[in-house]
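Listed below are the residues making up each chain.
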Amino acid sequence: MPQERLVVPSGRVSLLIGFGGEMRVRGTGSGPASGTGRGTGACTGTGGAGGVRHRSLVSGLHTRARVLGHGGEAYGVELALAPWAAYRLFGSPLGELADALTDPADVLGARARHLGEALAEAPGWQERFALLDETLLRWTAQAAAAPGPAPAVLEAWRVLERSAGALPIHEVAAETGWSMRHLESRFREQLGISPKRLARVLRLNRAIRLLTAGTPAAETAVECGLYDQAHLSREFTALTGLPPGRFLAGRDTASAWIAG
């Protein structure tokens, strides 16, 4: 039967290889998801009330939730990649992928199409997962010699991850030895979004974990480095399209939210 899921920003780059059916992607407003990416190979339809249709896609870092749905049947595998790992795997900076959806062939070339075809031809899921493991090991070995993000950019990402986005950006910059302006420019170019935007996503994900575990909203706000409960509610609404109460209620229904 047709299903929809709210895909919450997670601070990860999503690589989804589909091999059956199509997915619809739209924003949390009435229109399609913003940023349809650089290529059109995975896009098999146009935007509108039903969103944009894809069989496979790459989603760069984003700070607005999207709605992912299908008409009743869709098959595929999804990898959630740390942005620095996606940089190495794709062999290029992620600036063009920020807030965008694109065909995996645009960043992986023919390898993405060949993997989709092989997954479709595999006799079962055990064989598909074995094929995926083998392919990722090969791709990782090939990418080992590829340049990655600048060491200071990678260190900033690690500091933000450790603090779940709570550390002020000027302190993050101090940890790297770069100025805030230089860090923001290089971070955005190489990983896709600015340190400040990534920090918002990381705080959101920590807040979701705390609220789901039963932590009161006011305490959650303080734990996540937000001013107060009202600030928490504004951030939730800005990033997910829903206030915390409605978001948590939705997790208990058949339309449970997922990160992406």
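Residues numbered from 1 in each chain as written. Predicted model: local features only at pLDDT ≥ 70, side-chain atom pairs only at ≥ 80, totals over all residues. Heavy atoms only, no water.

Asker: How would you summarise the environment of Ala 173 if you had to cite specific residues and measurements?
Answerer: Here Ala 173 shows up in helix H6 (residues 169-176). By relative accessible area, Ala 173 is classed as buried at 2%. Residues Ala 173 and Leu 183 lie ten residues apart in sequence; the distance between their C-alpha atoms is 6.5 Å. (Helix = DSSP H or I, 4+ residues; strand = E, 2+ residues; numbered from the N terminus. Buried < 20%, exposed > 50% of the residue type's maximum accessible area, 1.4 Å probe, protein only.)

Asker: Explain the packing of aromatic side chains residue by residue, including any values.
Answerer: Counted under the stated rule, the structure contains four aromatic pairs. Between Trp 125 and Phe 129, the aromatic rings sit 5.8 Å apart at their centres with planes inclined by 35°, giving tilted as the arrangement. Taken as a pair, Trp 125 and Phe 129 lie in helix H4 (residues 125-143) at a separation of four residues, close to a single helical turn. Where Phe 236 meets Phe 247, the ring centres are 5.3 Å apart and the plane angle is 70°; that geometry is what we call edge-to-face. In this pair, Phe 236 sits in helix H10 (residues 229-240) while Phe 247 sits in helix H11 (residues 244-251), placing the two residues eleven residues apart along the sequence. One aromatic cluster in this structure is built from Phe 19, Trp 125 and Phe 129. Between Arg 111 and the ring centre of Trp 139, over which it is positioned, the NZ or CZ distance is 5.0 Å. (Phe/Tyr/Trp six-rings, centres within 6.5 Å; stacked < 30°, edge-to-face > 60°. Lys NZ or Arg CZ within 6 Å of the ring centre and 35° of its normal.)

Asker: An account of the pairing of strand S3 (residues 23-27) is requested, with residue identities and associated values reported.
Answerer: Judged by which residues are buried, S3 turns out to be one-sided: Met 23, Val 25 and Gly 27 face inward and are buried, whereas Arg 24 and Arg 26, on the alternate face, are not. As defined by bridge partners, S3 adjoins strand S4 (residues 52-54) across three bridges and the pair is classed as antiparallel. Bridge assignment links Val 25 to a residue of S4, and that residue is Val 52. By the bridge criterion, five bridges tie S3 to strand S6 (residues 66-70) in an arrangement that is antiparallel. Paired with Arg 24 across the strands is Gly 69, a residue of S6. (Pairing = 2+ DSSP bridges.)

Asker: Got a sec to walk through H10? Specific residues and values, please.
Answerer: Between its first and last C-alpha, H10 extends 16 Å over twelve residues, near the 16 Å set by a 1.5 Å rise per residue. Within the span of H10, buried status applies to His 231, Leu 232, Glu 235, Phe 236, Leu 239 and Thr 240. Here the buried residues of H10 occupy an arc of 135° about the axis, which is enough to place them on one side. Its buried side turned inward, H10 meets strand S1 (3-8), helix H8 (195-212), helix H9 (217-223) and H11. Remark: Gly 241 follows H10 within two positions and exhibits a positive phi of approximately 85°. (Expected span 1.5 Å × (residues − 1). Arc of directions from axis to C-beta. Contact = heavy atoms within 4.5 Å.)

Asker: Explain the pattern of salt bridges residue by residue, including any values.
Answerer: One pass over the structure, following the stated rule, counts eight salt bridges. With its nearest N and O atoms 3.3 Å apart, the salt bridge here joins Arg 12 to Glu 161. In this pair, Arg 12 is assigned in the loop between S1 and strand S2 (13-20) and Glu 161 in helix H5 (residues 151-163), connecting sequence segments 149 residues apart. For Glu 161, a relative accessible area of 28% translates into the label partly exposed. Two residues, Glu 189 and Arg 186, come together in a salt bridge whose shortest N-O distance is 3.9 Å. Of this pair, Glu 189 and Arg 186 are both found in helix H7 (residues 180-191), three residues apart, which corresponds to roughly one turn of the helix. (Salt bridge = Lys/Arg side-chain N within 4 Å of Asp/Glu carboxyl O.)

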